[in-house]
Amino acid sequence: MKKTDNMVWRSFASVRLALFTLLILATTSIIGTLIPQKNPPEFYIENFGQRTAQFFQMLDVPDMYNSWWFISLLLLFSINLIVCTIDRLPNVWQMVVMNNLDTDPERLEKMPHRQVFHARGDAATLADTAATLLAKNGWKAQMASKPAGPLLFSQKNAWSRLGVYAVHFSILVIFAGAILGSTLGFKAGVMLPEGRVTDTVYETGTGNPLPLGFTLRCDNFNVSFYADGATPKEFRSDLSVLENGKVTIDKRPIIVNDPLSYKGITFYQSSYEPMQGFNVVITNKATKTSQTFQIPFGQKISWKEGGIDFGVINQEVRSRMGDVNRLKVWFFDGQGEPSIFWMDNNATQTISRPAATYEFEASQVYATGLQVAKDPGVWTVYAGCILMLIGLYVAFFLSHRRIWVYITREEAADRCRILVCGASSKNKIAFEKEFTALVDSFTHDSTFQNA
Amino acid sequence: MNSSQLLGITTFAYLFSAMLYIALFVFRAKKLGLFATLITVAAFLINTAGIGLRWQESYQAGIGYAPLSNMYESLVFFAWAIAIFYLGLEWKYKNRVLGAFSMPFAFLSMAYASFSPTFGKEIKPLIPALQSNWLIAHVITCFVGYAAFAVACGMGIMYLIKDRKTNGAADSLLASLPELKVIDDIIHKTLVFGFLWLSAGIITGAVWANSAWGTYWSWDPKETWSLITWFVYAATLHARFTRGWGGRRIAWLAVLGFISVIFTYYGVNFLLSGLHSYGGN
């Protein structure tokens, strides 16, 4: 059985199926925009009732875009695209590469655009003039001798017939990229406090630990706000990468929209969390000695070499998240009364003691929230996207235009019959104008005005 | 003169322009034609100046961003895109009646931007996720597409009106409308143009999402709705290219597609929740 006669093949190759799939995809996609996705089962029971929730779980509605039936629809869509291409491309390819000088003269007489006129003179001379006129109008012509006289042919953008197949293929390329990403890649997240390291991130959704293969350190996190004090202006983390004990990336700042990529894994600034603790730097101005600490809230800390005990004994919290605005410090160097004072977060306070003067710098410890993605398919997807845009442009705005000029000797009347005809794969109205202008340039030429 | 004043004037200028085109159509007042075009060009220039001034003002406010980042600014740009798309169409088809079915969309967009109490018009600093050049590319490509779809919808309505009436007694009012064949051609060309830009809009959005969140596609309601819209227009184009649909059916699909556009743009922001929630501020 020929593949073209097979019923199954025919239906998979049909545009009817394409229309059906597109509309089913469009309508079913709505479900997931109305019913919140990827929530825990309790959410659906609470909002929709036990029975409906059960029904939802049965049809994978809570994660419908990854459900078996939605994936099947996408698969059907892909098969439709592939079969349709295999079915039609050979013919279209034939149209692109065919030798139009072989076209049957009978068919030329039936072209959608055509004009006939007569001229005196030798057929070969007229053919030369016709070639010149075609060239003048931007049509580079080839010529062949037919039994009845010379035939000229010229075409533009023959390859534009492939545009639509480029678009179809680009969709498959995008799907391939998506499959590559979802099978070989991962989406994960990690909350990393300042000064801490991790070699593991946690998969989004499941929370499964995934090894990075290297160590990531958060050196610093900063959030800055606009003058209104409420709108965040920038979240910035300084990240370092360590491999085999060696620092391979040193304090690279990342912000939203400017991630860090290392060995195929990309770290995106996503959120932050204030921690219960402070980064403290104490400097003895007399001895010029300095020490850095990361201390918990409400605990006495000792700096033995400096002879100092200190701690944060109270804090003033600004937001529900726990951002500290001000903190209360207890500070004692063994002489006289301890110093107790309030200071701003992220500031330096000078402490004057009987024996020495100290600088006390404190800032709340933050954890940076990173989204971590490994997606080896992303460049495939982008390549598909670019191909799609080029393909759409070609498919929509370029047309395969063909012009024939066929000159035949009419012995009885001692003159030549000249047939100018043409066809365009699309945008017939524009081609009509172009064709008329071309014919005009022929009929206005003195060589063709002597009949 | 500040940008809100200029954009306020723009609203009324588009109203005036739309009314002139409608008068031109209803009263067959051909003499109004050139005047209508001049008003539209003027309105478009004021709109452009308004956007430019707002851009400058954002720099003066120490924030500095392209005014394309919230509901208000996108509506203003939508009106701008409709106006320039329509002017191009008028120039190409040398027919001013088309304005009666296009410019009302530009006016409605500006009017909604100016008078809606649900979102603010002030220049607000951009949250970190919006600080990206992809924002500009994404908004421009999307709204050029949306503008084309708005005009296609207007042309679809025009087709349906003309077609309904010519079935009965020939109405001289409708005689001033282009022939059905011509309207059909305009609808098709407009849809094709819009589809290319919508595709570019979805793609730039995906690239941006990937640079901000590490996922180019997350089935967020906005993304999903843009894809639904894309499916609707893709189906429309296939129905026409390969099954020879035309006339009323394509006219209806142009209207249906635009309803999907409106839902993608407006409905998702206000009726559903998702990553694009800031669009509603």
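Coordinates for the structure precede this section.
Here we summarise the structure given alongside this text. (Residues numbered from 1 in each chain as written. Chains lettered and ligands numbered in written order. Predicted model: local features only at pLDDT ≥ 70, side-chain atom pairs only at ≥ 80, totals over all residues. Heavy atoms only, no water.)

All right, on to the packing of aromatic side chains then. Taken as a whole and assessed by the stated rule, the structure comprises 50 aromatic pairs over all chains. Aromatic pair Tyr65(A) and Phe70(A): ring centres 5.4 Å apart, planes at 90°, arrangement edge-to-face. Since its relative accessible area comes to 4%, Tyr65(A) is described here as buried. Overall, the relative accessible area of 0% leaves Phe70(A) in the buried class. The structure contains a cluster of three or more aromatic residues connected by ring pairs, namely Phe77(A), Phe175(A), Tyr393(A), Phe396(A), Phe397(A), Phe195(B), Trp230(B), Phe231(B) and Phe241(B). The residue whose ring lies beneath Arg249(B) is Trp245(B), and the NZ or CZ to ring-centre distance is 4.2 Å. (Phe/Tyr/Trp six-rings, centres within 6.5 Å; stacked < 30°, edge-to-face > 60°. Buried < 20%, exposed > 50% of the residue type's maximum accessible area, 1.4 Å probe, protein only. Lys NZ or Arg CZ within 6 Å of the ring centre and 35° of its normal.)

Before going further, it helps to spend a moment on the interface of chain B and chain A. Counting from both sides, the interface comprises 43 residues of chain B and, opposite them, 46 residues of chain A. Roughly 3,800 Å² of surface becomes buried between chain B and chain A when both sides are summed, with 72% attributable to carbon and sulfur atoms. Considering only the side of chain B, the residues that lose the most area to chain A are Tyr216(B), Trp219(B) and Phe231(B), jointly responsible for 17% of the buried surface there. Counting across the interface, chain B meets chain A through zero salt bridges. Seen at the junction of chain B and chain A, the total is 12 residue pairs in polar contact (both at pLDDT 80 or more). For the side of chain B that touches chain A, the secondary structure elements donating two or more residues are α7 (180–213) and α8 (221–243) of chain B. The greatest single-element share of the side of chain B that touches chain A, amounting to 16 residues, is contributed by α7(B). (Contact = heavy atoms within 4.5 Å. Buried area = accessible area lost by both parts, 1.4 Å probe. Salt bridge = Lys/Arg side-chain N within 4 Å of Asp/Glu carboxyl O. Polar contact = N/O pair within 3.5 Å; in protein donor to acceptor, adjacent residues only side chain to side chain. Helix = DSSP H or I, 4+ residues; strand = E, 2+ residues; numbered from the N terminus.)

Spanning 34 residues, α7(B) covers 48 Å between terminal C-alpha atoms, matching the ideal 50 Å at 1.5 Å per step. Across the 34 residues of α7(B), 27 count as buried, placing the element largely inside the fold. (Expected span 1.5 Å × (residues − 1).)

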